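A structural walkthrough
What follows is each chain in one-letter form.
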Amino acid sequence: MTLPTRFQKEMHAHLSRNPQQGGPPVNLNESFGSSKSKPYNPQQVQSHIREILAKYSNGFWVSKLPQIYKELYKQDLPPEAIKDLETWTHICIVEKTCSSNSSELLLYPAKEQTSTSIPSQVLNSSSPASPAEMTPTQMRPLSNHPARSDSCSPQSPPSSSSSPSPPSSPAALSPDLKQKLEELLVKYSSGLWAHALPKLFQDTYKAKLPAHVLENLDLLSDICTINYPMPDNPKRAILYRRSSTGGAEDENCNRRSSSTSEEEMRVRSELGRRLSNHQVPQLQIPKEEYPSVLVMEATNTNTVILRYIGEGYSMAQDSMEDEMRVFYGLDPSRQAPLSSPSSGQLVAVRAEEEEILRAQICEVMPDKVKVFYVDHGFSEVISKTKVLELHEKFFKLPFQSTKCKLAGLEPFCQEPLVLKKFETMASGRILLAEILERGQIPLVVLYDTSQDDDVNINAACVKALQDKTLASPLQVNSAYMNVTVSSVCSDGTLYCQLPSRGLAKLNEILEKIENYFHAQVTSEFLVSRPFCGKGCLARYKGKWSRAEITNLHGNRVLDILFIDVGVQASVEVFELREIPPLFLRDFVSIPPQAVKCCLADLAVSVGSWSPDAVQWLREKVLNTSDCSMKVAKVDETKRSVYVYLFTDKNFHDQARSLNHQLAQSDLFKQQPDVFLTSHSPTKMSANPLSSKTSSSSDSTSSSPTQAPVPAKPHPRRTLSGPKGGGGGNVISASPPETPSSPLSFLQLPPLLELPNVGHNMDVYVSVACHPGHFVLQPWRDMYKLVVLMGEMILYYNKTEEKPLKVEKNLIYAAKIENNWHRVLVKGVLTNGLVSVYELDYGKHELVSCSQLRTLIKEFRQLPFQGIHAQLAGVKQKQWSEEASIVFRNHVEKKPLVAQLEGVQEGANPWDRKLTVFLVDTSQEERDIWVHDIMAEFAEELSNAL
C-alpha cells in the first residue's frame, strides 16, 4: 500500500532526522539463521511495525513483512529486525505453525496494540512552520485493513497507552477556556494541528492561549481525541472533535451502501491487484472537461462515489457484465463456489436477477463474506455459495466505481443537511461534472441539466445550510415598510432589501470583515480556484460584500452577483477574496437579502421597458430607504414576487403606486412577448452544458463557461494534395474602397492581414452553412480576441446604461449571452429588438436595443476576426441539406489549415470573401482535403439518384 505523495514528504523529512542503514532484500530462510549483524535503529523499526500491525490487526505471515515494509516506507527492512521480532513482545507476537518452515511464522499485534488505529495521514506537511496555513488542513485517519471485524466502525485515535504521554497536568481547564477550544474544533472537524492552536486562538479570541494547554494535551481529552501521527514526536499531535454519533454506524454494516472510506477503497484496490496474478489497470479520468457521471452515493461530500458514463466506461462495463453472465452461465463447473476466499481477493459474485458482478472481499466470516462491488460502489454481506472465481479475462477493465470531491463543500463535507440535500438532488442520477482538478480524487462541480435552467448541485447543497428564519417571510396582501430598492434591471426587474434579522446580522458581520481585513494582508485570501456557484467577497461601493460567481470568461475575467443587493458585475479574478474561515459558517447561514420583485400589472418581457422608463424608475427608487410595498403575488417557479411599490408609507392607496404612475405615462409601452428563434449555426458556445439561452437581458448563466480559444490545428506539414504548402508569408492587403455606409473609413479597424495566394494559414471555422458560405477566424489572433472581449466585459458591465439611438449599418457593442461582441446593426425592429451581425464570429442575432452600447475607440484597434469564405475545388453552386450537413460535420467548430486560393475585396471589411481549400491535418498518417469529401459525396448522391 503506497503512501500518498503528501505523506511521503513528511516521511522523508522524518527519516532524514532518524537515519537508518537499509539492508539488502531479505531471504527469509537465510535471515533467521544468519549470524551477520548490521546496525539499525530499533526504535524506528518498532514504530513502523507498530503502524503496520495497526492496519493488519488480524495478523499476517512474517514472510510478507519485508514486502509490506518496503512498499510502505520506501526502504528495506533490516534483516536483524526479523530475528528480533520475538523479543519485541510489547510490539508484536510471533506465532509458529505446525510446519518447521520458518517462513510460515505468523505475526500479530501485542494485546495492548489491538485497539490502536492507524496514524493519520499528514496533509500539507511540507511547511510545518506555518500554523496559519495548516489550521484548515483536512486530517483523516486511514481506514483499517478490510479484514478487520470492526471495519465498519468509526476510527479512533491512538489511546494514551500507545501514544507518547505528555507531562501530567498542573491544573484543569476553566469552563470558559474549554468552551472556546471546543468552538474552534467544531470549525475544524477534519482535524487541527495542536501546534497551530495558539495562533488560531489568538486570531479568533484576541487572547493568548495558556501555555500549559499544549504541554498537557490530556486536558483536552473530554472535548477532543488526540492523534500522534509521529509516535517519536509527541509535540506533533492532531486534535479531533469528539463525535456525538457513537457507534451508530455499526447498525449499518450489512446495508447495501458505500460505507467505505477513501483510504479503504484505495487499500482494497491495491490489495486486489496483489492477491491476484493479474493487474487491473487504473481508471483514467475522461479527457473531456464536462463528462457525464452516474452518482452512486456519498457518506460525505469529499468522497462522492460515482461512475463515468460513456464509451470506455459505462458502455464497456455493460458489455463486460453481459459477457460474464454468458461465460458463467454456459459451463456449470464455473459456478462452483470459491473454496477458500480471503480478504482482498477479487472474485465474481452471483447477484440478483442472474447478474454476475466483479467484487472484492472485505471480510470473511464462517458462512458469509462481506464484499465490495468494485464497479458499482457499494458493499454487501452475502453467502459464500455466491462467490465464484474471477476469470483472468475480466481483469482487463479498470474498476468503474471511483470517487470525486465536491468543490466549495469541504468545510461542510459531513453536515447532515448538506448530505440530505445531496441525496435528494444527486444520488442515483446522471449529472454533468465540471472537473476543476484532475487528481487521484478529482475536484468537481456537479450540474443537473435536465430542467429548463441548469442547477448547480454544489451551490444548492451549500444553500441547504441557510437559516430560513433570517429572511423576511413574504405573504400575499402583506405590506412592508422601510424597503430599500438596491437594483433596477433593464427589463424592469427590481431587487429589494426588507428589514429582517438576517439583514441586521449580515451588516454586523460585514463590519467585522472590514475590521478583520484592515488588520490582515488580504492577498492571503485571494481566490485561487474560481468556479460557478462559488461564494466569495468582492468590493461593492467601497466595502466588502457577499458575491457569487455566475460566469467565467477564460481565466481572468468573471461575472459575479452581489447576492444581498441583486447587482451583477464583471471583475478580474484578483479582485475577489475568500471568506475567512472565522466568518464562513455565519455567512452561509444567512439567506440572500435581495428579494427579486416585479411591478404588478406591468409586463416584464423583451421590448416592454424602454430605456427612458427604466431610467425614470431608477431615479425614483434608488438611494431611497423609505419605500414601502404590498405583495400581490408570489411566483415560486420564477422565484419572483409581484408587488405594488410606493415611495412613501401610503401603501393603502394603490393609485399612488409607481405601478400606476408608469402605466399611465408614455414611458412604458407594453408589447406582446416575443419568442426568439435562430436557425443560423451557433458560434463557439460559452456554455458547454446546454444550448438553452435566457430571454432576460440581464440574466446570468449559472453554468460553467470556457474561454473561446479553440485547440490549435495540427502543426503544419507540407500538405499532400493538389496544392503544395506555401511559406506562409504575411503581406498587407490592399485598403478597401470608401464604404457606402454612414461610417467613415477612419472609424473602422485596420483590415485583417492575409498570406499570399497559394500559401497556408491556421484557421478556426466558427460558422458553416454550406461549402459556398462559411466563416473563418485566423487562429494566430484568437488570443487577442479573447483579451479584447474580456476588456469589453469589464468596461461595459461597469458603465452606467444610457438611452442610445440605434441606427442601421452602424457598428456597436452588443451584449449577447453574457459576452460583449462587436456587431453591425442590420435592422431595427418596431418591438425594441435589433438584428445584428457579429463581426468576429459571423453569426446573426436578435437582441434588445437596451443591450447596445457605443463601440469606443479602444475596441476598434483589432481587425474584425470573422471572414466570409467559400470552398475551392468544388463546382456546385446549390447545395442540398444533406450535403450541407456533411460539410458542417467536417469543418464547423474545428481548427483546420486553409490554403488561400483567391480574395474578393468588398466595400467594407465584412464584405470581403475568400476562396480556400480546407485541410484537416489532425491525423498523423494523412491530410484530409474537405473538397475531396464533398466531391465524393456529390458523386455518390448522383449515382443513388
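Residues numbered from 1 in each chain as written. Predicted model: local features only at pLDDT ≥ 70, side-chain atom pairs only at ≥ 80, totals over all residues. Heavy atoms only, no water.

Quick look at the overall build of the chain
- Across its full length, the chain holds 20 helices and 39 strands.
- Counting all 945 residues of the chain, 51% fall into the buried class.
- Just so you have it, the chain exposes about 44,100 Å², and 50% of that area is on carbon and sulfur atoms. (Helix = DSSP H or I, 4+ residues; strand = E, 2+ residues; numbered from the N terminus. Buried < 20%, exposed > 50% of the residue type's maximum accessible area, 1.4 Å probe, protein only. Areas by Shrake-Rupley, 256 points an atom, 1.4 Å probe, with all protein chains shown as cover.)

Re the nonpolar core
- Val-295, Leu-406, Phe-422, Leu-446, Ile-457, Ile-513 and Phe-587 are the most contacted members of the largest nonpolar core, which totals 40 residues.
- The element contributing the most residues to this core is helix α14 (residues 501–518), with six residues.
- Sequence-distant contacts of Phe-587, that is, excluding residues within four places in its chain, are made with Leu-506, Ile-509, Leu-510, Ile-513, Leu-537, Arg-546 and Ile-579. (Core = buried A, V, L, I, M, F, W, Y, C linked by side-chain atoms within 4.5 Å. Contact = heavy atoms within 4.5 Å.)

Thoughts on the environment of Met-782
- Locating Met-782 in the fold gives a position in helix α18 (residues 782–796).
- Accessibility expressed as a relative area gives 1% for Met-782, which makes it buried.

Things to note about the sheet that holds strand β32 (residues 819–828)
- If you walk across this open sheet you meet the five strands as β34-β33-β32-β31-β35, and the pairing is antiparallel. Single-partner strands in this sheet number two, and they are β34 (844–848) and β35 (852–854). Within this sheet the neighbouring strands show an average axis-to-axis angle of 50°, counted without direction.
- Pairing between β32 and strand β33 (residues 833–838): five bridges, direction antiparallel. Residue Leu-824 lies in a different strand from β33, and its bridge partner there is Tyr-837.
- Running over the sheet, α18 touches β31 (811–816), β32 and β35 and is turned about 80° from β32. (Pairing = 2+ DSSP bridges. Axes fitted to C-alpha atoms, helices over the stretch in contact; angles between N-to-C directions.)

Some words on the packing of aromatic side chains
- Taken as a whole, this structure holds 18 aromatic pairs when the rule is applied.
- Pairing Phe-917 with Trp-929 gives two aromatic rings, centres 5.8 Å apart and planes at 75°, and the pair type is edge-to-face. One end of the pair, Phe-917, is in strand β38 (residues 913–920); the other, Trp-929, is in strand β39 (residues 928–929), and 12 residues separate them in sequence.
- Taken together, the ring pairs connect Tyr-516, Phe-517, Phe-525, Trp-544 and Phe-583 into an aromatic cluster.
- If you follow Arg-334 out to its NZ or CZ, it ends over the ring of Phe-327, 3.8 Å from the centre.
- Positioned over the ring face of Tyr-642 is Lys-633, at 5.3 Å from the centre of the ring. (Phe/Tyr/Trp six-rings, centres within 6.5 Å; stacked < 30°, edge-to-face > 60°. Lys NZ or Arg CZ within 6 Å of the ring centre and 35° of its normal.)

So, the pattern of salt bridges
- Under the definition given, this model contains 26 salt bridges.
- A salt bridge links Glu-548 to Lys-463, with the nearest nitrogen and oxygen atoms 3.5 Å apart. Here the residue Glu-548 occupies a position in strand β21 (residues 543–553), and Lys-463 occupies one in helix α13 (residues 457–463), the gap between them amounting to 85 residues.
- With relative accessibility at 34%, the residue Lys-463 sits in the partly exposed group.
- As a salt-bridge pair, Arg-888 and Glu-881 come within 3.1 Å of each other at their nearest N and O atoms. (Salt bridge = Lys/Arg side-chain N within 4 Å of Asp/Glu carboxyl O.)

Quick notes on the sheet that holds strand β3 (residues 106–109)
- If you trace the three strands from one edge of the open sheet to the other, you get β1-β3-β2, paired in antiparallel fashion. Pairing within the sheet leaves two strands with one partner each, and these edge strands are β1 (60–61) and β2 (92–95).
- Across the face of the sheet, helix α3 (residues 42–55) comes into contact with β1, β2 and β3 while running at roughly 90° to β3.

Some thoughts on helix α4 (residues 65–73)
- Along α4, the positions that sit buried rather than exposed are Leu-65, Pro-66, Ile-68, Tyr-69, Leu-72 and Tyr-73. When α4 is viewed along its axis, its buried side chains cluster within an angular range of 165° and face the same direction.
- Note on α4: the residue one or two positions beyond its end, Lys-74, has a positive phi of about 60°. (Arc of directions from axis to C-beta.)

A word on the side chain of Asp-635
- With respect to the secondary-structure elements, Asp-635 resides in strand β25 (residues 627–635).
- It is Lys-633 that comes nearest to the buried, bridge-free Asp-635 among opposite-charge side chains, at 4.5 Å.
- Apart from residues lying up to four places away in sequence, Asp-635 is in contact with Ser-640 and Tyr-642. (Lys, Arg positive; Asp, Glu negative; His and termini not counted.)

Things to note about α3
- With 14 residues, α3 ought to run about 20 Å at 1.5 Å a step, and its terminal C-alpha atoms sit 20 Å apart, in line with that.
- Of all the 14 residues making up α3, 11 are buried; the element is thus mostly covered by neighbouring parts of the structure. (Expected span 1.5 Å × (residues − 1).)

Side note on the packing of α3 against α4
- As a packed pair, α3 and α4 sit with axes 11 Å apart at the nearest point and diverge in direction by 100°. Of the possible angle classes, the one that applies to α3 and α4 is roughly perpendicular. For the pair α3 and α4, the contacting residues are Val-45, His-48, Ile-49, Glu-51, Ile-52 and Lys-55 in the first and Leu-65, Ile-68, Tyr-69, Leu-72 and Tyr-73 in the second.
- Counted by class, the contact of α3 with α4 contains eight nonpolar, one polar and two charged residues. (Parallel < 35°, antiparallel > 145°, perpendicular 65-115°, else oblique. Nonpolar A, V, L, I, M, F, W, Y, C, P; charged D, E, K, R; others polar.)

Side note on the pairing of strand β23 (residues 567–572)
- Burial runs high along β23: five of the six residues are buried.
- Taken together, the six bridges between strand β22 (residues 557–562) and β23 define a ladder with antiparallel strand orientation. If you follow Leu-561 over to β23, its bridge partner there is Gln-568.
- Hairpin geometry of β22 and β23 is characterised by an intervening segment of four residues between the two adjacent antiparallel strands and by a positive phi of about 75° at Gly-566.

With respect to the environment of Glu-838
- Inspection of the secondary structure assignment puts Glu-838 in strand β33.
- C-alpha separation for the pair Glu-838 and Ile-816, spaced 22 residues apart in sequence, amounts to 9.6 Å.

A word on the packing of α14 against helix α15 (residues 581–589)
- Running from N to C, α14 and α15 point in directions that differ by 155°, and their axes come no closer than 11 Å. With respect to α15, the element α14 is oriented roughly antiparallel. Of the two possible hands of crossing, α14 and α15 adopt the one that is left-handed. Together, Lys-505, Leu-506, Ile-509, Leu-510, Lys-512, Ile-513 and Tyr-516 of α14 and Leu-582, Phe-583, Asp-586, Phe-587 and Ser-589 of α15 make up the contact between the two elements.
- Partitioned by chemical class, the residues of the contact of α14 with α15 number eight nonpolar, one polar and three charged. (Left-handed = near helix turned anticlockwise from the far one by under 90°.)

With respect to the pairing of strand β14 (residues 402–406)
- For β14, the tally of buried residues reaches four of five residues, placing the bulk of the element in the interior.
- For β14 and strand β16 (residues 443–448), the ladder comprises two bridges, and the chain directions are parallel. The partner of Lys-405 across the bridge, within β16, is Leu-443.

Comments concerning unusual backbone geometry
- The backbone of Asp-601 sits at a positive phi, close to 70°, despite the residue not being glycine.
- Tracing the backbone shows Asp-601 in the loop between β24 (595–599) and α16 (611–621).
- Of note in the backbone geometry, Glu-817 takes a positive phi value of approximately 50° without being a glycine.
- Looking at the element boundaries, Glu-817 is found in the loop between β31 and β32.

Some points on the confidence of the model for the chain
- In this model, the chain carries a mean pLDDT of 76, and residues with pLDDT of at least 70 account for 73%.
- Of the regions scoring below 50 in pLDDT, residues 1–37 engages in 86 contacts with residues more than four places distant in sequence or in other chains. (pLDDT = per-residue confidence, 0-100.)

Considering the side chain of Ser-628
- As for its placement among the helices and strands, Ser-628 is situated in strand β25.
- Looking at Ser-628, its side chain comes within polar contact range of the main-chain oxygen of Asp-648, at 2.4 Å.
- Setting aside residues no more than four positions away along its own chain, Ser-628 makes contact with Tyr-480, Met-481, Val-483, Tyr-644, Leu-645, Phe-646, Asp-648, Lys-649 and Phe-651. (Polar contact = N/O pair within 3.5 Å; in protein donor to acceptor, adjacent residues only side chain to side chain.)

Some words on the state of the cysteines
- Counted according to the given criterion, the structure contains zero disulfides.
- Lacking any disulfide linkage, Cys-489 is separated from the closest cysteine sulfur, that of Cys-598, by 9.3 Å.
- Taking the relative accessible area as the measure of exposure, Cys-489 reaches 8% and is therefore buried.
- Cys-496 supplies the cysteine sulfur nearest to Cys-597, a cysteine that is in no disulfide, at a spacing of 3.9 Å. (Disulfide = S-S within 2.5 Å.)

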